[in-house]
Amino acid sequence: WVFCVAHSQDMSGSIIVSEFIGSSFFLTGARKINPWNSVQVMNTLHEVLVMDEEEQRTAFRKDQSYVSTQDLGQWVNQNLNEIKVAASSDNNKGLEGNVVGTANQAV
């Protein structure tokens with residue numbers, strides 16, 4: 001679950017993400033919510049809509065620096081390669097016990 005309002009020209013905006021998605025750890029400017037908690041969702045939506053411009057710019061810069069360095073194709077290829085390595089190294093016993101991650105870090 002992701003809600004994003006941002007504009008690259010004025011370098012400001014807000015992101016609300018589910019606390020359950022993997023990228024929530026990396027999006028340090030984003031507001032994290034439990035999408036099943038409707039009161040929290042509504043309160044957080046209100047907070048980002050009334051947030052002052054300086055706070056929006058600060059949050060945008062935090063996440064823009066991370067997002068601008070990510071490449072979906074590279075991420076997919078890296079994970080497919082890790083799956084292939086895990087499969088070939090464990091061809092006698094299957095994939096039990098292996099963790100697929102990014103940059104050799106467990107997700």
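Residues numbered from 1 in each chain as written. Predicted model: local features only at pLDDT ≥ 70, side-chain atom pairs only at ≥ 80, totals over all residues. Heavy atoms only, no water.

Novice: Please give an account of the packing of aromatic side chains that cites residues and values.
Specialist: Considering all chains together, one arrives at 1 aromatic pair under this definition. On the numbers, 5.2 Å between centres and 85° between planes, the contact of Phe25 with Phe26 is edge-to-face. Take Phe25: its relative accessible area is 66%, and that puts it in the exposed class. Phe26 sits in the partly exposed class, given a relative accessible area of 36%. (Phe/Tyr/Trp six-rings, centres within 6.5 Å; stacked < 30°, edge-to-face > 60°. Buried < 20%, exposed > 50% of the residue type's maximum accessible area, 1.4 Å probe, protein only.)

Novice: Outline the pattern of salt bridges, supporting the account with residue identities and numerical values.
Specialist: Inspection of the entire model under this criterion finds 5 salt bridges. With a closest N to O distance of 3.1 Å, Arg31 and Glu55 form a salt bridge. Of this pair, Arg31 sits in strand S3 (residues 31-33) while Glu55 sits in helix H2 (residues 53-67), and the two are 24 residues apart along the sequence. Between Glu54 and Arg57 there is a salt bridge, with the nearest N and O atoms lying 3.6 Å from each other. Here the residue Glu54 and the residue Arg57 both occupy positions in helix H2, the gap between them amounting to 3 residues, near one helical turn. Assessed through its relative accessible area of 43%, Glu54 is described here as partly exposed. (Salt bridge = Lys/Arg side-chain N within 4 Å of Asp/Glu carboxyl O. Helix = DSSP H or I, 4+ residues; strand = E, 2+ residues; numbered from the N terminus.)

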